[in-house]
Amino acid sequence: MQRFEMSAIFLLLLAAVSLLGVQIQNIGHRGSGTNQADNPLPENTIPSFLQAVADGADMIELDVLLTADDELVVIHDATLDRTTDCTGRVVEKNLSEIVVCDAAEGTSLEGTGVTLPTLAEVFAAVALPVNVEIKSDDVGGAYTAEHIAARVHEVVEAAGATNRVLISSFSLAVCEAAKAAGDLPVAFLTSELNLQAQIDAAVTAGLDGIHPQATLTFKTHVDYAHEQGLFINVWTVDGALAMQANMAKGPDGIITNDVDILAGLLETDDDTADDDTTADDDDDDNDDNDDNDDNDDNDDNDDNDDNDTATVDDDDDDDDDNDSGCGC
């Protein structure tokens with residue numbers, strides 16, 4: 001029951017983003033971004049996640065795969081080759097073989113002891129909400145969709161993180177298994193051209209959200225997803241111009257490699273909204289001042305009337321009270 005209540009709270013917060021005009025969520029892609037020349041931190045590692053927090057992320061996104069000994073390790077690729085100094089498939093390695101790999105190879109942190117974290121270690125290190133993408137590379141081979149979905153739920157519950165986890169996957173079968181395994185919100189990842197059909201598929205599967213590729217997403221898709229009761233987070237949006245264009249579509253969240261840039265844009269957008277509210281308040285104040293001036297004029301007229309009249313009875317006093325602007 002407690003697990004259900006926590007996940008319900010998470011869904012309510014997501015719904016508030018779209019229904020109440022709450023600020024778009026800034027979601028750090030693999031932490032502070034993928035391994036690339038302008039990113040000094042290695043993707044899907046604790047330093048990257050902590051940098052995303054410092055840069056202003058509202059949520060971090062990460063990827064998980066199962067090891068040979070059934071542990072959930074945070075890595076995007078099915079092999080260790082691209083992001084570590086080791087080689088081979090993750091599913092064929094025990095966790096003890098993976099944690100000795102340098103996960104910062106080719107970055108400024110190479111040789112400093114950065115390793116691929118387990119999902120449990122991420123929950124211990126980062127307090128933000130976490131979007132856990134379940135990779136489906138080995139689903140149907142080394143393990144089933146139901147098995148990896150169940151393992152994710154087990155780790156989330158053991159970490160006490162049920163109130164801050166969103167699951168996603170490109171595999172609809174994995175999404176359905178994750179939804180059946182517990183009460184965590186689940187979103188369908190897609191890069192398909194026919195986004196409306198993908199939204200319909202997510203609804204039919206009983207999912208909670210959809211994560212479409214931003215370049216294939218239009219405002220009509222966002223509106224349609226919301227009409228179907230889904231939250232919608234678009235990916236992967238980098239650079240200020242692309243961010244502004246996608247902000248205008250009205251998604252609930254934007255997954256980005258440039259957390260700091262998006263944080264600045266969202267802050268500016270929020271400040272602009274505050275300025276508009278302040279301007280409205282100023283107009284209201286001016287209206288109030290005008291009303292007060294009118295009341296002062298009425299009071300002056302009443303004083304003149306009193307001077308012209310030798311005797312004022314109680315009925316006249318009541319009339320003056322009703323003219324005082326109380327609106328009664």
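Going by the structure above, here's the rest.
A.B. asks: Describe the packing of aromatic side chains, with residues and values.
C.D. replies: Applying the stated rule across the entire model yields one aromatic pair. With a centroid separation of 5.8 Å and an interplanar angle of 90°, the aromatic rings of Phe-170 and Trp-235 are classed as edge-to-face. With Phe-170 in the loop between strand 5 (165–169) and helix 6 (172–181) and Trp-235 in the loop between strand 8 (231–234) and helix 9 (240–247), this residue pair connects regions lying 65 residues apart in the sequence. For Phe-170, a relative accessible area of 39% gives the class partly exposed. Trp-235 gets classed as buried once you look at its relative accessible area, which sits at 16%.

A.B. asks: Please provide a residue-by-residue account of the state of the cysteines, values included.
C.D. replies: One pass over the structure, following the stated rule, counts one disulfide. Each disulfide pairs two cysteine sulfurs, and for Cys-86 the partner residue is Cys-101, the sulfurs being separated by 2.1 Å. Because the torsion about its S-S bond is -110°, the bridge between Cys-86 and Cys-101 counts as left-handed. Here Cys-101 lies in the loop between helix 3 (95–98) and helix 4 (119–125) and Cys-86 lies in the loop between strand 3 (72–74) and helix 3, a separation of 15 residues in the sequence.

A.B. asks: Outline a negative patch on the surface, listing residues and values.
C.D. replies: The grouping of Glu-267, Asp-269, Asp-270 and Asp-271 at the surface amounts to a negative patch. With respect to the secondary-structure elements, Glu-267 resides in helix 10 (residues 259–308).

A.B. asks: I'd love a proper account of the packing of helix 7 (residues 195–204) against helix 8 (residues 219–227), names of residues and values included.
C.D. replies: Where helix 7 contacts helix 8, the two axes come as close as 10 Å, and the packing angle between them is 15°. Considering their axes alone, helix 7 and helix 8 lie roughly parallel with respect to each other. With respect to the hand of their crossing, helix 7 and helix 8 are arranged in right-handed fashion. The residues of helix 8 that touch helix 7, namely those facing Leu-195, Gln-196, Ile-199 and Asp-200, are His-221, Tyr-224 and Ala-225. Residue composition of the contact of helix 7 with helix 8, by class: four nonpolar, two polar and one charged.

A.B. asks: Outline the side chain of Lys-249, listing residues and values.
C.D. replies: With respect to the secondary-structure elements, Lys-249 resides in the loop between helix 9 and strand 9 (253–256). Buried within the structure, Lys-249 lacks any salt-bridge partner; Asp-223 is the closest side chain of opposite charge, at an N-O distance of 12 Å. Within the structure, Lys-249 has its side chain in polar contact with the backbone oxygen of Ala-214 (distance 3.0 Å). Excluding residues that lie within four positions of it along the chain, Lys-249 makes contacts with Ala-214, Thr-217, Phe-218, Lys-219 and Val-222.

A.B. asks: So what's going on with the pattern of salt bridges? Which residues, and what values?
C.D. replies: Within the structure shown, the criterion is met by 10 salt bridges. Linking Arg-82 and Glu-43 is a salt bridge whose minimum nitrogen-to-oxygen distance equals 2.8 Å. Residue Arg-82 is found in the loop between strand 3 and helix 3, and its partner Glu-43 is found in the loop between strand 1 (25–29) and helix 2 (46–55); the two are separated by 39 residues along the sequence. Using a relative accessible area of 40% as the deciding quantity, one classes Arg-82 as partly exposed. Judged by its relative accessible area of 3%, Glu-43 is buried.

A.B. asks: Just give me the short version of the environment of Ile-210, but keep the residues and values in it.
C.D. replies: Summarising the element assignment, Ile-210 is placed in strand 7 (residues 209–212). Classification of Ile-210 as buried rests on a relative accessible area of 0%. Separated by 12 residues in sequence, Ile-210 and Val-222 place their C-alpha atoms 9.7 Å apart. Excluding residues that lie within four positions of it along the chain, Ile-210 makes contacts with Ala-187, Phe-188, Thr-190, Leu-195, Gln-198, Ile-199, Ala-225, Leu-230, Phe-231, Ile-232 and Asn-233.

A.B. asks: Report on unusual backbone geometry, specifying residues and quantitative values.
C.D. replies: Peptide bonds are, in most cases, trans, and in most cases residues other than glycine have a negative phi. With a phi close to 55°, Arg-30 is a non-glycine residue in the positive phi region. Following the sequence through the fold, Arg-30 ends up in the loop between strand 1 and helix 2. In this structure Arg-30 comes out as buried when scored by relative accessible area, which is 10%. One non-glycine residue with positive phi stands out, namely Asn-44, at about 55°. Counting through the fold element by element, Asn-44 comes out in the loop between strand 1 and helix 2.

A.B. asks: I'd love a proper account of helix 7, names of residues and values included.
C.D. replies: Spacing of three or four residues puts side chains on the same side of an α-helix, whose turn is 3.6 residues. Within the sequence span of helix 7, burial applies to Leu-195, Gln-198, Ile-199 and Ala-202. Within helix 7, the buried residues cover an arc of 100° as seen down the axis, which keeps them to one side. In this fold, the buried residues of helix 7 make contact with strand 6 (186–190), strand 7 and helix 8. Residue Gly-206 follows helix 7 closely and has a positive phi angle near 75°.

A.B. asks: Can you explain helix 8? Please cite residues and give values.
C.D. replies: Buried residues of helix 8: His-221, Val-222, Tyr-224 and Ala-225, and no others. Angular distribution of buried residues about the axis of helix 8 spans 165°; they occupy a single face of the element. Looking at helix 8, the residues exposed on the side facing more than 90 degrees away from the buried face are Thr-220 and Glu-227. Buried residues belonging to helix 8 abut helix 7, strand 7 and strand 8. Within two residues after helix 8, Gly-229 carries a phi angle of roughly 85°, on the positive side.

Parameters and conventions
Residues numbered from 1 in each chain as written. Predicted model: local features only at pLDDT ≥ 70, side-chain atom pairs only at ≥ 80, totals over all residues. Heavy atoms only, no water. Phe/Tyr/Trp six-rings, centres within 6.5 Å; stacked < 30°, edge-to-face > 60°. Helix = DSSP H or I, 4+ residues; strand = E, 2+ residues; numbered from the N terminus. Buried < 20%, exposed > 50% of the residue type's maximum accessible area, 1.4 Å probe, protein only. Disulfide = S-S within 2.5 Å. Patch = residues over 30% accessible without salt bridge, like charges linked within 9 Å, V, L, I, M, F, W, Y side chains within 5 Å. Areas by Shrake-Rupley, 256 points an atom, 1.4 Å probe, with all protein chains shown as cover. Salt bridge = Lys/Arg side-chain N within 4 Å of Asp/Glu carboxyl O. Lys, Arg positive; Asp, Glu negative; His and termini not counted. Charge placed at Lys NZ, Arg CZ, Asp CG, Glu CD. Axes fitted to C-alpha atoms, helices over the stretch in contact; angles between N-to-C directions. Parallel < 35°, antiparallel > 145°, perpendicular 65-115°, else oblique. Left-handed = near helix turned anticlockwise from the far one by under 90°. Contact = heavy atoms within 4.5 Å. Nonpolar A, V, L, I, M, F, W, Y, C, P; charged D, E, K, R; others polar. Polar contact = N/O pair within 3.5 Å; in protein donor to acceptor, adjacent residues only side chain to side chain. Arc of directions from axis to C-beta.

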